[in-house]
Amino acid sequence: VQLQASGGGLVQAGDSLRLSCAASGRTFSLYAMGWFRQAPGRDREIVAAITWSGGTTYYSDSVKGRFTISRDNDKSTVYLQMNSLKPEDTAVYYCAMAASPYRWPIGNANYWGQGTQVTVSS
């Protein structure tokens, strides 16, 4: 499985960013996808997840109402639209594919992409 994340960058508080993650090597439409993040000195945490069909989503309390996860199964790509960014959103963001088809919740034993850095200045 290859997961290629992109879209990170340096922005100011209140700005928006859209992360993308292109997947290959598996039948994308069978797998839940998620976005996780890890800030310096902190454990990796889940940010958002979406089922294989896109019919169900999950958000952590810290991003609920500001971030939106979506997917395009035709393009084998999952997105994370991040609005109203805050300095505490600064982290390396990772996309992940569930370890097995139709697995939900996504869990921690997943396939991982390389991270993309998001830095929010105050």
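Here goes a summary of the coordinates provided. Small disclaimer: the values here were computed from a predicted structure and weren't measured. (Residues numbered from 1 in each chain as written. Predicted model: local features only at pLDDT ≥ 70, side-chain atom pairs only at ≥ 80, totals over all residues. Heavy atoms only, no water.)

Some remarks on the pairing of strand β11 (residues 116-121)
Put simply, the rule is: Between buried and exposed lies partly exposed: a residue is buried under 20% and exposed over 50% of the maximum accessible area for its type, with that area taken using a 1.4 Å probe on protein chains only. Only DSSP runs of H or I with at least four residues qualify as helices, and only runs of E with at least two residues qualify as strands; both kinds are numbered from the N terminus onward. Paired strands are those between which DSSP finds at least two bridges.
Burial of β11 is one-sided: the residues T116, V118 and V120 facing one way are buried, the residues Q117, T119 and S121 facing the other way are not. Two strands pair when backbone bridges link them, and strand β2 (residues 9-12) and β11 are joined in this way by four bridges, in the parallel orientation. Opposite Q12, over in β11, you have S121 as the bridge partner. Here three bridges tie strand β9 (residues 91-97) to β11, and the two strands are oriented antiparallel to one another. From the neighbouring strand, A91 faces β11, where its bridge partner is V118.

Considering the side chain of N110
To be explicit about the condition: Polar contact is the term for a pair of N or O atoms within 3.5 Å; when the atoms are in protein, one must be able to donate a hydrogen and the other to accept it, and sequence-neighboring residues count only if both atoms are side-chain atoms. Working rule for contacts: check all heavy atoms of both residues, and any pair within 4.5 Å makes them a contact.
Of note, N110 is situated in the loop between β9 and β10 (111-112). Assessed through its relative accessible area of 10%, N110 is described here as buried. At a separation of 2.7 Å, a polar atom in the side chain of N110 contacts the main-chain carbonyl oxygen of G107. With residues up to four places along the chain from it excluded, the contact list for N110 reads F36, A96, M97, A98 and A99.

A word on the packing of aromatic side chains
Short version of the rule: Ring pairs are drawn from Phe, Tyr and Trp, using the six-membered ring of Trp, whenever the two centres fall within 6.5 Å, and their geometry is named by plane angle: stacked under 30 degrees, edge-to-face over 60, tilted for the rest.
Taken as a whole and assessed by the stated rule, the structure comprises two aromatic pairs. A ring pair is formed by F36 and W112, whose centres lie 4.7 Å apart and whose planes are at 70 degrees; its orientation type is edge-to-face. In this pair, F36 is assigned in strand β4 (residues 33-38) and W112 in strand β10, connecting sequence segments 76 residues apart. We classify F36 as buried; its relative accessible area is 3%. A residue is classified by how much of its surface remains accessible, and W112, at 27% relative accessible area, is partly exposed.

Considerations on the side chain of D89
Looking at where D89 falls in the secondary structure, it is placed in the loop between β8 (77-82) and β9. You can call D89 buried: its relative accessible area is 1%. Within the local environment of D89, its side chain forms a polar contact with the side chain of R66, the two groups lying 2.7 Å apart. Discounting residues that sit within four places of it in the chain, D89 has contacts with R37, R66, F67, S84, V118 and V120.

A few points about the nonpolar core
Spelled out, the test is: Put simply, buried Ala, Val, Leu, Ile, Met, Phe, Trp, Tyr and Cys residues joined by side-chain atoms within 4.5 Å make one nonpolar core.
Counting residues in hydrophobic clusters, the biggest one holds 29 residues, and the most contacted among them are W35, L80, M82 and Y93. At the level of elements, β1 (2-6), β3 (17-24), β4, β5 (45-50), β7 (67-72), β8, β9 and β11 are the ones that each hand at least two residues to this core. Excluding anything up to four places from it in sequence, Y93 contacts L19, W35, F36, R37, V47, F67, L80, M82, Q114, G115, T116 and V118. A49, A96, A98 and I106 belong to the second largest nonpolar core, which has six residues in total.

With respect to the sheet that holds β3
Counted only if it meets this: The axes are straight lines fitted to the C-alpha atoms, using for helices just the contacting stretch, and the angles between their N-to-C directions are given from 0 to 180°.
An order of β1-β3-β8-β7 is seen for the four strands of this open sheet, with the pairing classed as antiparallel. One side of each edge strand has no neighbouring strand; the edge strands of this open sheet are β1 and β7. Pairs of neighbouring strands in the sheet enclose a mean axial angle of 15 degrees, with direction left out of account. Pairing of β7 with β8, which is carried by six bridges, proceeds in the antiparallel orientation. Residue pairing in the sheet places I69 in a bridge with L80 of β8.

Geometric values such as these leave the question of function open.
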